[in-house]
Amino acid sequence: MNIEEIFGFDIGSVHIGFDESTVVSWIIMLVLTVFAIMLTRNLKVEGNISKRQMLLEMAYEKGTAFFKSMLGPKVEKYTEWLMSLAIFIGVSNMIGLFGMKPPTKSMQVTAAMALTSIVLVEYVAFKNYGVKKRLKKFTKPVAIVAPINVLEVFTKPLSLCMRLFGNIIAAFTIMELVKAVPLLKIGVPAVLSLYFDLFDGLLQAYIFCFLTAIYLEESVEDFDDKPKKKKRKSKKNKEIEQTQAPAEAA
């Protein structure tokens, strides 16, 4: 359950340490980068393509179609970013299948990903509206709810962080308790691992990205100002218009 420090060094009186969640995250990023380079080598635009390229293109098309269904036209350009985020979280959650501790059971990892998502959401919002109109949106639907809308900016990353962290740490705790029981060591951990590491890991990656997609879509949705009141025509003007209408028709 503890997150152990792998290595560290001192700069004066300050100790800088790197724990296992950070190191495992680096390993995952390195493996995914090497894997991506290997998959995308010698791709062809014309002519006969290999089965590897065919499968890669099919997976990419399916992935982009899936995530674009969550996003509107204004933010669909962030599809690739959401796909990369989903792959990293999914692999991080499933790394327990290979005997490593999932980095997402560390709150610092989930908090970093949640902050990254919300920073992107707010960047898109300010870019779409401009500073003045974005700040004005905090007063919608009425000005009295402005403090709640401002607080929501901080509660969104907190909910993303705690939801992912809570589910992964709970699954990890259950697996460790099962492994500690001698009678359950044969067969049971393997079956439970398929659920907690595979199914639940992919599910949490989907939920994290789905909520981020919703926040992105909300950040660019239009909001209407109070409609301007139409000037009422005076009775005299109405009579003039009614007398001019037959004359113009003639």
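As shown above, the structure is provided for reference.
Described in the following lines is the structure provided in the data block. (Residues numbered from 1 in each chain as written. Predicted model: local features only at pLDDT ≥ 70, side-chain atom pairs only at ≥ 80, totals over all residues. Heavy atoms only, no water.)

## Considering the overall build of the protein chain
- Broken down by element type, the protein chain carries 8 helices and 2 strands.
- Reading the protein chain from its N end, one meets helices and strands in the order β-β-α-α-α-α-α-α-α-α.
- By residue count, 33% of the 250 residues in the protein chain fall in the buried class.
- Counting only carbon and sulfur atoms, one obtains 66% of the accessible surface of the protein chain, whose full area is about 16,900 Å². (Helix = DSSP H or I, 4+ residues; strand = E, 2+ residues; numbered from the N terminus. Buried < 20%, exposed > 50% of the residue type's maximum accessible area, 1.4 Å probe, protein only. Areas by Shrake-Rupley, 256 points an atom, 1.4 Å probe, with all protein chains shown as cover.)

## Some thoughts on the nonpolar core
- Ile 89, Met 113 and Leu 216 are the most contacted members of the largest nonpolar core, which totals 33 residues.
- Those elements giving two or more residues to this core turn out to be helix 1 (20-39), helix 3 (79-94), helix 4 (107-129), helix 6 (146-180) and helix 7 (188-219).
- For Met 113, the residues in contact, after removing those within four places along its chain, are Leu 85, Phe 88, Ile 89, Thr 104, Leu 164 and Phe 208. (Core = buried A, V, L, I, M, F, W, Y, C linked by side-chain atoms within 4.5 Å. Contact = heavy atoms within 4.5 Å.)

## Let's talk about the packing of helix 1 against helix 3
- Packing of helix 1 against helix 3 brings their axes to within 10 Å, and their N-to-C directions diverge by 125°. Classified by the angle between their axes, helix 1 and helix 3 sit oblique to one another. Two packed elements cross with a definite hand, and for helix 1 against helix 3 that hand is right-handed. Together, Ser 25, Ile 28, Met 29 and Leu 32 of helix 1 and Ile 87, Phe 88, Val 91 and Ser 92 of helix 3 make up the contact between the two elements.
- Classifying every residue of the contact of helix 1 with helix 3 by side-chain character gives 6 nonpolar, 2 polar and no charged. (Axes fitted to C-alpha atoms, helices over the stretch in contact; angles between N-to-C directions. Parallel < 35°, antiparallel > 145°, perpendicular 65-115°, else oblique. Left-handed = near helix turned anticlockwise from the far one by under 90°. Nonpolar A, V, L, I, M, F, W, Y, C, P; charged D, E, K, R; others polar.)

## A short note on the pattern of salt bridges
- Tallied over the full model, the rule gives 3 salt bridges.
- Between Lys 101 and Glu 20 there is a salt bridge whose closest N-O contact spans 3.4 Å. You can see Lys 101 sitting in the loop between helix 3 and helix 4 and its partner Glu 20 sitting in helix 1, a full 81 residues away along the chain.
- Since its relative accessible area comes to 28%, Lys 101 is described here as partly exposed.
- Residue Glu 20 is classed as buried on the basis of its relative accessible area, which comes to 14%.
- With a closest N to O distance of 3.0 Å, Glu 122 and Arg 134 form a salt bridge. Placement of Glu 122 in helix 4 and of Arg 134 in helix 5 (residues 131-137) is noted, with a sequence separation of 12 residues between them. (Salt bridge = Lys/Arg side-chain N within 4 Å of Asp/Glu carboxyl O.)

## Brief notes about unusual backbone geometry
- The phi dihedral of Asn 42 falls on the positive side, at around 55°, and the residue is not glycine.
- When you line up the elements, Asn 42 lands in the loop between helix 1 and helix 2 (51-68).

## Concerning the layout of surface pockets
- Here the largest pocket defines a volume of roughly 650 Å³.
- Around the largest pocket sit 21 residues that line it, and Ala 36, Leu 39, Leu 56, Met 83 and Ile 87 are the ones nearest its centre.
- Of all the secondary-structure elements, those providing two or more residues to the lining of the largest pocket are helix 1, helix 2 and helix 3.
- Looking at the lining of the largest pocket element by element, the count peaks at 8 residues for helix 2.
- Tallied by class, the residues present in the lining of the largest pocket amount to 15 nonpolar, 4 polar and 2 charged.
- Volume-wise, the second largest pocket comes out at about 320 Å³.
- Around the second largest pocket sit 16 residues that line it, and Arg 134, Lys 137, Glu 152, Lys 156 and Glu 218 are the ones nearest its centre.
- Of all the secondary structure elements, the ones that give two or more residues to the lining of the second largest pocket are helix 4, helix 5, helix 6 and helix 7.
- Residues belonging to the lining of the second largest pocket are distributed by class as follows: 6 nonpolar, 2 polar and 8 charged. (1 Å grid on protein atoms, 1.4 Å probe; cavity = no way out; pocket = protein on both sides within 12 Å on 5 of 7 lines; lining within 4 Å. Points joined across faces, edges and corners; volume = space filled by probe spheres on them.)

## Here we look at the pairing of strand 1 (residues 5-11)
- Where strand 1 and strand 2 (residues 14-19) come together, 6 bridges link them in antiparallel fashion. Residue pairing for strand 2: Phe 7 is matched across the bridge by Phe 18.
- Linking two consecutive strands that pair antiparallel, namely strand 1 and strand 2, is a turn of 2 residues; a positive phi of about 70° is found at Gly 12 within it. (Pairing = 2+ DSSP bridges.)

## Overview of the side chain of Thr 64
- Considering the arrangement of structural elements, one finds Thr 64 in helix 2.
- A relative accessible area of 9% means that Thr 64 is categorised as buried.

Take it as geometry only, folks, not as evidence of what the structure does.
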